[in-house]
Amino acid sequence: MTEEVILPEEKTLPALPQEPSDVQVGSDAVESLIAEKRIGLRIRALRQKSSLGLAELGRHTGLSSSFLSQLETGRVVPTLRNLARIAMVFSKDLNYFFSPIPLSLFRVHRAADRVRLPQSGVDQPRYDFESLGYLVAERQLDPYLAEFQPGKFPDDNFHQHAGFEFLYVMSGTLSIQHGEVVHELRAGDSVYFDSSTIHSYSCVGDEPCTALIVTLLQPINLATTRLAGNRPSGSLRAETVATRKKIQ
């Protein structure tokens, strides 16, 4: 007599005990969860970024413009099928609409918390400066508030660094030498220039000159690395890097 063999996966498993639950998922809770994900706002942001109108998005998805408008404003809830149609138009996965929204960068720098530093690498500092963005570690812009002091000693603060620089004169008069050319800027004047060209600043007259300076950094490449390695210590960027630990 042959004994019947029952494989493990064929065995009937005992039912797991069910814990009684008092949790009831109502429509209000569901609406609140959907509202938290801001699905409508995400759809609108994708559409506007792609410069699509409601009618054009409707042609791509087969959904009416009125329905899409109500969807973006949160008056209707999309089915997964409709949401998948929209996601495919923008080459997104469904997870995009339900993943946490990343926090955008927003840092306030209080005037009382800033540190005023003198120009470094020279015997007679020609300016003091304050970093306006030191709290942002991975910043792409480096903003400074600089005050240039008048003086009769020679201006030998020539420096260069990768990227571009914007300077706005708030008060006084400032002389800027960019390469072989000297320019004089007065209050209200501004300049945007390639900072990889050697340049220097000098206060003109007997009154200090105050200026807002913003440097725009470029992605690091071989040329930038070589330039950064030869950067004089007199540049604002080099001084900020050297003093960032003290500030933070």
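I will try to describe carefully the structure that is included in this document. Note that this is a predicted model, so its numbers are computed, not measured. (Residues numbered from 1 in each chain as written. Predicted model: local features only at pLDDT ≥ 70, side-chain atom pairs only at ≥ 80, totals over all residues. Heavy atoms only, no water.)

The next point concerns helix H4 (residues 65–72). For H4, every residue scored as buried is listed here: Leu68, Leu71 and Glu72. One side of H4 carries all its buried residues, which in axial view fall inside an arc of 95°. Of the surrounding secondary structure, the elements contacted by the buried residues of H4 are helix H2 (39–49), helix H3 (54–61) and helix H5 (80–89). Immediately beyond the C-terminal end of H4, within one or two residues, lies glycine 74, with a positive phi of roughly 80°. (Buried < 20%, exposed > 50% of the residue type's maximum accessible area, 1.4 Å probe, protein only. Helix = DSSP H or I, 4+ residues; strand = E, 2+ residues; numbered from the N terminus. Arc of directions from axis to C-beta. Contact = heavy atoms within 4.5 Å.)

So, on to the packing of aromatic side chains. The final tally for this structure, using the stated rule, is five aromatic pairs. Judged by centre distance (6.0 Å) and plane angle (75°), the rings of phenylalanine 129 and tyrosine 144 are edge-to-face. In this pair, phenylalanine 129 sits in strand E2 (residues 127–131) while tyrosine 144 sits in strand E3 (residues 141–148), placing the two residues 15 residues apart along the sequence. Here phenylalanine 129 matches tyrosine 144 in class, with each residue buried. Feature note: the residues Tyr127, Phe148 and Tyr201 constitute an aromatic cluster, connected by ring pairs. Lying over the aromatic face of tyrosine 96, arginine 42 brings its terminal NZ or CZ to 6.0 Å of the ring centre. Above the ring of tyrosine 96, the side-chain terminus of lysine 92 is found at 4.8 Å from the ring centroid. (Phe/Tyr/Trp six-rings, centres within 6.5 Å; stacked < 30°, edge-to-face > 60°. Lys NZ or Arg CZ within 6 Å of the ring centre and 35° of its normal.)

This part is about the pairing of strand E9 (residues 209–216). Both E3 and E9 contribute to a ladder of eight bridges, which runs antiparallel. Residue pairing across strands places proline 143 opposite valine 214, the latter belonging to E9. (Pairing = 2+ DSSP bridges.)

Among the nonpolar cores identified, the biggest contains 16 residues, and Phe148, Leu167, Leu174, Tyr201 and Ile213 are the most heavily contacted of them. Those elements that provide at least two residues to this core are E2, E3, strand E4 (164–171), strand E5 (173–178), strand E8 (199–204) and E9. Judged by nonpolar contacts, the second largest core, of 13 residues, contains Leu68, Leu71, Ala87 and Phe90. (Core = buried A, V, L, I, M, F, W, Y, C linked by side-chain atoms within 4.5 Å.)

Picture the strands of a sheet paired through backbone hydrogen bonds; they go either parallel or antiparallel. Strands sit in the order E1-E2-E3-E9-E4-E7 across an open sheet of six strands; the sheet is antiparallel. Of all the strands in the sheet, the pair left with one neighbour each is strand E1 (117–118) and strand E7 (190–194). Bridge count between E4 and E9: seven bridges; the pairing is antiparallel. Residue pairing across strands places serine 171 opposite threonine 210, the latter belonging to E9.

For the rest of this paragraph, the subject is the side chain of glutamate 165. Along the polypeptide, glutamate 165 turns up in strand E4. A polar contact of 3.0 Å, which involves the side chain of glutamate 165, links it to the side chain of histidine 161. Excluding residues within four positions of it along the chain, glutamate 165 makes contact with Val191, Tyr192, Phe193, Ser195, His199, Tyr201, Ile213, Val214 and Thr215. (Polar contact = N/O pair within 3.5 Å; in protein donor to acceptor, adjacent residues only side chain to side chain.)

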